[in-house]
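Structural overview
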Amino acid sequence: MRPLKTISTRKLFILYISLSALLLGAVGSFVVHQQSVQVVAKIQEETTQIELQTAKRYLLQYLNDREIAYRRLSALPEVVQAVTQTPIRSSSKLQIKLEQAQIFAKKAQLTIYNRYSQPIMVQMAPDNYPPQQLKVVGRILTGAPGDSLIQLVQKNQHEYFMLYLPIVAHAQIEGVMVVKLDFDLAYFFSTIISNHNRRISLSQPSAGIEMFPIDNNRWRVYEVPLGYSDLVMNYAVSTQAQITQRDNLLYRLGGMLGLSLILSLFLIYLLGQRLLVRPFQELANNREQLARHSRLLIERETMAKRLAQVAQHAHDAIVITDSNGAITWVNSAFSVLTGYHSDEVLGSSPGILLQGPDSDVQTRQRIGDALAKRQGIRTEVLNYKKDGQSYWVDIDITPVFNPQGELESYIAVQRDISEQRHLEESLRQALRHAKEANNSKLRFLARMSHEIRTPMNGVLGLTQLLEQTPLTPLQRSYLDDLYSSGQHMMALLNDILDFSKIDAQRLQLEPTQFSLTEVLQGIRSTYSALSKQKGINFILDNCVKQPHLFADRDRIRQVILNLISNAMKFTHDGYVKIIAKESYYQKQLYLIIRVEDSGIGIANERQAHIFNAFTQAESSTTRLYGGSGLGLAIVRQLCQAMGGDVRVRSKIGQGSRFTATMQVDIGQAESLERAPVAHRLKMANLPLLIAEDNRTNGMIIRAFFEKRGFQSKIVLDGAQAIEAIAAQSYSIILMDNHMPQMSGIAATRHIRRMKAPDCFSLIIGCTADAYSDTRSEMLAAGINDILTKPLQNEAIDTLLIAHQPHFRRWQLWYEQSIHTGLPSWVEAPHWIDETPHQLQIHAQQFLDQQPYLWEQLNAQLNTHNYEGIHERATMLYQHAKALRANELEQGALHLQTLSQKQQLPELIWLGEFQHLMQDVDQKLRCFIAQL
């Protein structure tokens, strides 16, 4: 007892707690051990049951899959025909068919019996037949069509299944298919029996196969019926493995309990330290903290004085308000900026005091919303000085909270940015002027393009027409030179226009499906003659495996042509080689075009500049070889617009190599008909109206189209075109844009408002304006397609091919109008009803509202008012439903669906829909007249 008296109270407390923890740990360990033995045994039993069910499910899935697959095989027409035909024919073709029809990697051996138990196809060796196989076949033949039987066979330490399936035809069993399923039990259950603590076997009493012999003292056996015939899965678990597993678990559990006891003792020690030792330490720490806080208070007072000096002498105006927004303090910079003395603003609201009539209402609202939410905000706002002069400030408002999270005040820092705002406004005006100047340049280029292309259309058009007349060789040579010079001039004009589009960021890519092989073959045919004339080899190597691509075909072709033209221009002997390849980078397909030549080469110091606009390798190059210096600049900008770039490697006297890359996508084949128009489309006597103010161009257009079988008439402006259409219907109208009195766009809008069929004539814009804005405006006015001057035979043929359905429908209408006197574009609905008088009221309502309804619907379509379109389509749908006009009802429903998706119908469909309404109108009027 005496030694205990010498121990301090704190240590005695820790000793008592430790002994108590040891005693509780020992008792707890004993109880936990007893409970753990029972829990581990239960876990082992549940684990074994899970393994049993898993093994059973795997085996049943295996058998079910095979039975379903080979039952489908037995239902093949070839199998049924083989077992029902007499006499029995050769089974070689049947074996090949069954071999191909098997879906499993390991093919099964099959034997097929007919209904007389005669084998008609045998793939199994005789020693593989189980005993009494014919007896089992007979049982299947006499059973139900849905019966099947699985038999387990063991031979030479090898197991396999025999699957017996009936061959059914017309609900009668006509034969039996016997399938030998090789089965490797050890491999099938390898994931379960890999540790030799589990054993699995199969038994089938009816087949004479019993469970393997086993020592019941060392193994615990479970018999699981599979439900297939009398198959039984025997699952054995090693008892020694279970005991070892249990001991391991208990050992680990004991270790965890020991570790828990150690941690508990450590925590108890820490608790004693906290209860007995820490109070004395905290007292000493409090004394030190008091002294430290005193020093911090002195430092903060010094810092506050310094901050007050900074705020007072800062150039930015600083305003402090209370939590309600009333000013409590301002610095001297505020007085200098606003003209208000600090005494004049105390208690005022900064917004009411400083903001005036031209201050942005939305900005003031945002500031108020931020303050209401006790959030900071930074913005720019127009304020007013005391003398009424306005100024711009960049204001940053920050809320200040106390340690309890309560709002104490706001601090606003205002910086005068009036000069900056004036500078920004000047820059905006300069940018506006620059855009206006750029637009003026574009308008000038568009006008010049039109003015140049118009006479060039006459030159090149007449040249093409003259080529088709009898000529002497010398005349044809002169004509070829004339056409080549004209094409060269058009190429220079196109280069300038393309560069101006790219420079103004108005270039629009138009991706389509196309074949690169066809593009390259066309280029080969274009340059083969030129290369032979110059005595150089023209080599084309297409390594692209994709048969079709999806990208802007014309721009890719332009890149290739520019590079080849550049190579041909500077190569006098040797070769020009084009290599096309494909490559993937980050799952994106790239087209790589490489053009190599053995020409004059480019100096290293000039290679960095040749892609600049109006730049060539040397100043003398333009004099020697010609050109605008825009070809390579356009190539680079087109490649960059298509997600790629172009590089060059060259040496003086050794040639050059240009490599262009462009992003493309894999395309799909399109069934495009390439045959000549004259062989595929009969244009005889189809009426054609040409609206062209230039008589030479009109004559050329007439020659181009009359050669294709059209009967044409020429008018000089849009007003004359409208008068001609009012007198006669035309299948196709070629409409120039710039014409006196009425432009082509205005005339097109007027035609589209005319009655059918005139409003549905095919209108082709024939313009020299190459800019996309003009194209978009013409298409929006109702023009179906556009031909760009100067006209080319290939472009005309392509356009006529694309619009074949229109010409065929117009010919059909023309033939019907000759015989009946009335157009019939679509089949009108029929009214077959026993009481037609019930429809009279609905018919009269439709006839009264139809003209106004169509005008309103057309107006909503032109303004893209989808709500208005949906409302008019709904009214049409109700009329059609009441009249039982199914086609009109479906058309109105289609309009409703498109308007809900904010989409517009195609023009061709809309034309057919108008004709349908007109046909319904005509039939209803006849219907009422009969009543």
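Attention here is on the structure that accompanies the text. (Residues numbered from 1 in each chain as written. Predicted model: local features only at pLDDT ≥ 70, side-chain atom pairs only at ≥ 80, totals over all residues. Heavy atoms only, no water.)

In spatial order, the strands read S2-S1-S5-S4-S3; together these five strands make up an open sheet with antiparallel pairing. Pairing within the sheet leaves two strands with one partner each, and these edge strands are strand S2 (119-122) and strand S3 (149-155). Between one strand axis and the next, the sheet turns through 20 degrees on average, direction left out of account. Direction of pairing for strand S1 (residues 109-114) relative to strand S5 (residues 172-182): antiparallel, over a ladder of six bridges. Within S5, the residue paired with Thr111 across the bridge is Val178. Docked against the sheet, helix H3 (residues 77-84) engages S1, S2, strand S4 (158-169) and S5, running at close to 80 degrees with respect to S4. Lying over the sheet, helix H5 (residues 133-141) contacts S1, S3, S4 and S5, oriented at roughly 135 degrees with respect to S5. (Pairing = 2+ DSSP bridges. Helix = DSSP H or I, 4+ residues; strand = E, 2+ residues; numbered from the N terminus. Axes fitted to C-alpha atoms, helices over the stretch in contact; angles between N-to-C directions. Contact = heavy atoms within 4.5 Å.)

Now for the packing of aromatic side chains. One pass over the structure, following the stated rule, counts four aromatic pairs. By way of ring pairs, the aromatic residues Tyr62, Phe161 and Phe183 are connected into one cluster. The ring centre of Phe104 lies 4.0 Å from the NZ or CZ of Arg66, which sits over that ring. We note Arg421 situated over the ring of Trp392; from NZ or CZ to the ring centre the distance is 3.7 Å. (Phe/Tyr/Trp six-rings, centres within 6.5 Å; stacked < 30°, edge-to-face > 60°. Lys NZ or Arg CZ within 6 Å of the ring centre and 35° of its normal.)

Next up on the list: the sheet that holds strand S22 (residues 710-715). Spatially, S22-S21-S23-S24-S25 is the arrangement adopted by the five strands of the open sheet, whose pairing is parallel. Two strands bound the open sheet, and with one partner strand each, they are S22 and strand S25 (785-788). Strand after strand, the sheet turns through a mean of 20 degrees between neighbouring axes, direction not considered. Pairing between strand S21 (residues 686-691) and S22: six bridges, direction parallel. Each bridged residue has a counterpart across the sheet, and for Ile690 the counterpart in S22 is Ile714. Lying over the sheet, helix H25 (residues 793-802) contacts S22, strand S24 (762-767) and S25, oriented at roughly 170 degrees with respect to S25.

Turning next to the side chain of Arg66. Secondary-structure assignment places Arg66 in helix H2 (residues 9-74). The side chain of Arg66 is buried and forms no salt bridge, while Asp65, the nearest opposite charge, is found at 4.7 Å. (Buried < 20%, exposed > 50% of the residue type's maximum accessible area, 1.4 Å probe, protein only. Lys, Arg positive; Asp, Glu negative; His and termini not counted. Salt bridge = Lys/Arg side-chain N within 4 Å of Asp/Glu carboxyl O.)

Nothing here speaks to function; it is all geometry.
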